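The primary structure of each chain is shown beneath.
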Amino acid sequence: MTQYRFARIGLLLAAIGLGAVPALVQTAHAEDKKAEAQQETVRKDMVKFLDGKTLGPLLEAKKYSEASALIDQADAMPNKTPYEQYIINRMRLAVALGMNDKPKLIEMLESMIASGRLEPAEKAKFTQALAGYYQEQKNYPKTIENLQKYGEMSGDTKVPRQIMAIRFESGDYKGVQADLLKKLDESIKTKQPMTREELHMLADASHRLKDKANYLVALEGLVRWHPLDRYWSDMLYRTRGKENYNTRFSADIVRLQKVATTKMEEQDYIELAEIDQLEGQFIEGKAVLDAGIANGAVTMNAKVKKLKAELDKQAADDMKNIAASETSARKAKNGTGLVNLGYAFVTMGQYDKGLQLIQDGIAKGGLKNAEDAKLRLGYSYAMAGKKDEAIKILETVQGNDGRADLARYWILWVNRPYPATVGEDDNKKG
């Protein structure tokens, strides 16, 4: 995970540092206390040491020792007023900034903030900068404390996420994971997307805790709202690695990957084509292999040429005999043939015909695993673009062997953001 860093702290302080000195020497900032403000001036014999016209060129020339010597002379004068000390400290802040003296910067920022003399907007900026320097010192409690104060003063909506990132950086993986899991649950209920940064943090925290289950939960969140190819591929790959995963769903996983990503790896195209050949889904197998060859993912070596030749012939035979296959399937004692034939029509783009045959097969019964057939019916509806029907079926699919996971993932695909929230370049990186 990329650590959070406060942007341009040095430029921020430079912009509000030395340039404000002449006005501060003349009067205080509190316009509603004019009488008091008139008393808050720097004595004339001290002004010559703190004059911005003198200190400014020294700081620009990086003559920090000479600048510090002038400030020291002012600081050595007796009976300094609180306002004079404030101006002196402000000048020390400018020197510390130029020298990148982190401990001194922290000391002076604390002094400025505690002085009560900063305008609200300026105080917020100083507090944000102080949080940044504490972070660089790895003082995480102080970083969080000042970030919280900055958030209260500025109303910056990014602060809660920044605090979460600091907690992560400090090693509070368990706490960060718990809070982000709670937010994920609320975000799903309220349909308010979490950011990629938050979900990456959840995945990273889970990885560091060796929590494979919640790593997958984070990936589901990324696929839900930020469906890059790499998130889909990682989620499906890790689903295969679950202890309870049944290998009979290998083809189903690759089928989902094929529709959910812009391009698969060579072995994925070949795997699905080979499984389709074994299961008698020759039409899909041919289409899958042809697609991989066409987009350049699959190389035409001897093995692929042999597989392609076989699938070409088998798919052609299926196309010739498909009418007879339906008659045979309807005469069978169980609905397995109708389900398989229906899915073949789905892969040909004849969705209405295919969906009806699958439903007829399920209704006929005698299936080895009716829940598997229900999963196939659900994602066939999804492939046909029938969103509501797909979700209605898929939400009823049960099983702890990977089947329910696949049903849930197909629902994620059906509900994917459209227009897509990611660009082509992002997907190509996946």
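Up top is the structure.
As a starting point, this report considers the structure included with it. Everything quoted here is computed from the prediction, not taken from an experiment. (Residues numbered from 1 in each chain as written. Predicted model: local features only at pLDDT ≥ 70, side-chain atom pairs only at ≥ 80, totals over all residues. Heavy atoms only, no water.)

Moving on: the overall build of the protein chain. Along the backbone of the protein chain there are 25 helices and 0 strands. In the protein chain, buried positions account for 47% of the 430 residues. Taken as a whole, the protein chain presents about 22,100 Å² of accessible surface, with 51% of it coming from carbon and sulfur. (Helix = DSSP H or I, 4+ residues; strand = E, 2+ residues; numbered from the N terminus. Buried < 20%, exposed > 50% of the residue type's maximum accessible area, 1.4 Å probe, protein only. Areas by Shrake-Rupley, 256 points an atom, 1.4 Å probe, with all protein chains shown as cover.)

As a further point, take the pattern of salt bridges. All chains considered together, the criterion is met by 40 salt bridges. Between Glu136 and Lys102 there is a salt bridge, with its nearest N and O atoms 2.6 Å apart. You can see Glu136 sitting in helix H9 (residues 120–136) and its partner Lys102 sitting in helix H8 (residues 102–114), a full 34 residues away along the chain. Glu136 gets classed as partly exposed once you look at its relative accessible area, which sits at 37%. By sharing partners, the salt bridges in this structure join Asp252, Arg255, Asp276, Glu279 and Glu284 into a single network. (Salt bridge = Lys/Arg side-chain N within 4 Å of Asp/Glu carboxyl O.)

Here we take up unusual backbone geometry. In most cases, non-glycine residues show a negative phi, while peptide bonds are predominantly trans. Its identity is not glycine, yet Lys62 carries a phi of approximately 60°, on the positive side. By the element assignment, Lys62 lies in the loop between helix H5 (52–60) and helix H6 (64–75). Lys62 sits in the exposed class, given a relative accessible area of 61%. Of note in the backbone geometry, Lys210 takes a positive phi value of approximately 55° without being a glycine. Tracing the backbone through its elements, the reader meets Lys210 in the loop between helix H13 (196–208) and helix H14 (212–225). We classify Lys210 as exposed; its relative accessible area is 74%.

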